[in-house]
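The chain contents come next:
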Amino acid sequence: MPLDLANVEPSNSAIIVVDVQNDFVSGSLAVRDAEQVISPINALLKLPFAIKIATQDYHPANHISFARNHEGKKEFDKIVIFPPAELVVGRTLEDERSLEGLEQVLWPVHCVQDTFGVAFVDGLEHEGLEVVRKGCDVGIECYSAFEDPWGLTNTGLKDKLRNKEISNVFVVGIAGDYCVKSTALDAKKYGFRTFVIRDAVRSVSDNGIEWIEMDKAGVEIIDTAEELLTSRVLSQ
């Protein structure tokens, strides 16, 4: 299918570079071939997007997603987690997701605040990008750059984009089946036309389910960064 970039222009478009951090490229939770996203992302960052965002997983050392913080559990075991009580009590919430238990993969320790692993990887041209941090709360996992899965906390990204009158969001980074997917789905949910660029993404799993899920949700998939670069739509 031809790339449809109707109504896409620099003034109403944003790029979100998700979690291109040391621990996800070469560290404790390295994703296979993750270093290969750096070059296409750098090329995309040269385009005149109205706003350029880089996200960071930014966990406290005692974060709920770390296997070592759960007695008797091993890395990559799964548990069910619930929203912290202090964030639920006294709130009037519109849907039941606020109380649901969610399956949580227990990860190796990664992207701990103020460590080498949390930093953007060498070679990523991140100077001048606006940084959005997520996963900062001990008891809440947050794959999306917008909000946690219960909608109890948010990063401010939605308002940041709306204040810039952004209509189109391009998502790239790591990992496709977790933080990239969650970010793209939330962007679409909040009314942004959302694109994910396949060759600027790497995933933990090879099963490709994330691409099916995003497509079903109305996220538009661009196969290569080169397609966007040569379209000239964002070169104006």
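Remember, it's a predicted structure, so these values are computed and weren't measured experimentally.

Overview of the environment of Leu44
As for its placement among the helices and strands, Leu44 is situated in helix α2 (residues 38-45). Looking at Leu44, the relative accessible area reads 0%, which means it is buried. As for Leu44 and Ala200, which are separated by 156 residues in sequence, their C-alpha atoms are 9.3 Å apart. Once residues lying within four places of it in the same chain are set aside, the contact partners of Leu44 are Ile15, Phe49, Val172, Ile197, Ala200, Ala225, Leu228 and Leu229.

Observations regarding the sheet that holds strand β7 (residues 193-202)
Strand order in the open sheet formed by six strands is β5-β2-β1-β6-β7-β8, and the pairing between neighbours is parallel. The open sheet is flanked by β5 (130-134) and β8 (220-222), the only strands paired with a single partner. Along the sheet, successive strands turn relative to each other by an average axial angle of 25°, direction set aside. For strand β6 (residues 168-174) and β7, the ladder comprises six bridges, and the chain directions are parallel. When the bridges of β7 are listed, Phe170 appears paired with Phe195. Relative to the sheet, α2 contacts β1 (13-18), β2 (51-57), β6 and β7, its axis offset from that of β7 by approximately 140°. Packed onto the sheet, helix α6 (residues 209-216) meets β7 and β8 and runs at close to 170° relative to β7.

With respect to helix α5 (residues 176-189)
Burial runs high along α5: ten of the 14 residues are buried. Burial in α5 covers these residues: Gly176, Asp177, Cys179, Val180, Lys181, Ser182, Thr183, Ala184, Asp186 and Ala187. Residues of α5 that are buried sit in contact with β1, β5, β6, β7 and α6. Positioned one or two residues after α5, Gly191 has a phi angle of 95°, which is positive.

Describing the nonpolar core
Val20, Ile41, Leu44, Phe170, Ile174 and Ile197 are the most contacted members of the largest nonpolar core, which has 39 residues in total. Elements supplying a minimum of two residues to this core: β1, α1 (22-25), α2, β6, β7 and α7 (225-231). No other element matches α2, which puts four residues into this core. One finds Ala14, Val169, Ala184 and Val219 within the second-largest nonpolar core, a separate group that totals 24 residues.

As for the environment of Ala200
Locating Ala200 in the fold gives a position in strand β7. Judged by relative accessible area, which is 0%, Ala200 ranks as buried. Look past the residues within four positions of Ala200 in its chain and what remains in contact with it is Val37, Pro40, Ile41, Leu44, Val172 and Gly173.

Thoughts on the side chain of Lys181
Looking at where Lys181 falls in the secondary structure, it is placed in helix α5. A residue is classified by how much of its surface remains accessible, and Lys181, at 17% relative accessible area, is buried. Ignoring any residue separated from it by four or fewer positions in sequence, one finds Lys181 in contact with Ala175, Gly176, Glu210, Glu213 and Met214.

Observations regarding the state of the cysteines
Taken as a whole and judged by the stated rule, the model has zero disulfides. The structure places no disulfide on Cys179, whose sulfur is separated from the nearest cysteine sulfur, that of Cys142, by 8.1 Å. A relative accessible area of 4% means that Cys179 is categorised as buried.

What to know about the packing of aromatic side chains
Across all of its chains, the model carries seven aromatic pairs by this definition. Judged by centre distance (5.9 Å) and plane angle (90°), the rings of Phe76 and Trp107 are edge-to-face. On the criterion of sequence distance, the pair formed by Phe76 in the loop between β2 and β3 (78-81) and Trp107 in the loop between β4 (102-105) and β5 is long-range, its members being 31 residues apart. Ring geometry for Phe146 versus Tyr190: centroids 6.1 Å apart, planes at 40°, classification tilted. Within this pair, whereas Phe146 is found in the loop between β5 and α4 (157-163), its partner Tyr190 is found in the loop between α5 and β7, the two being separated by 44 residues in sequence. Here Phe146 matches Tyr190 in class, with each residue buried. Among the aromatic residues, those joined into a cluster by ring pairs are Phe76, Trp107, Tyr143 and Tyr178. In this structure, Arg198 is placed above the aromatic ring of Trp211, and the distance from its NZ or CZ to the ring centre is 4.4 Å.

What counts, and where the lines are drawn
- Sequence order as written defines residue numbering, which begins from 1 separately in each chain.
- At least 70 in pLDDT is required for a residue's local features to be given in this predicted model, at least 80 for side-chain atom pairs to be given and counted, and no such filter applies to totals for whole chains, interfaces and linings, which use all residues.
- Only hydrogens and water are removed before side-chain values are computed, so all heavy atoms of the structure are retained for them.
- For the purposes of this entry, the term helix denotes a DSSP run of H or I that reaches at least four residues, the term strand denotes a run of E that reaches at least two, and both are numbered from the N terminus.
- A 1.4 Å probe rolled over the protein chains alone gives each residue an accessible area, and that area as a share of the maximum for its type sets the label: buried under 20%, exposed over 50%, partly exposed in between.
- By definition in these notes, contact holds between two residues if any of their heavy atoms fall within 4.5 Å.
- Whether two strands pair depends on DSSP finding at least two bridges between them.
- For helices, the fitted line uses only the C-alpha atoms of the stretch in contact; every axis is such a line through C-alpha atoms, and the angle between N-to-C directions lies from 0 to 180 degrees.
- Nine residue types can take part in a nonpolar core, namely buried Ala, Val, Leu, Ile, Met, Phe, Trp, Tyr and Cys, and a core is a set of them joined through side-chain atoms within 4.5 Å.
- Criterion for a disulfide: a pair of cysteine sulfur atoms at a distance within 2.5 Å.
- Between rings of Phe, Tyr and Trp, where Trp is taken as its six-membered ring, a pair exists when centres lie within 6.5 Å; planes separated by under 30 degrees are stacked, by over 60 edge-to-face, and by other angles tilted.
- Our definition puts a charge over a ring when NZ of Lys or CZ of Arg is within 6 Å of the ring centre and also within 35 degrees of the ring normal.

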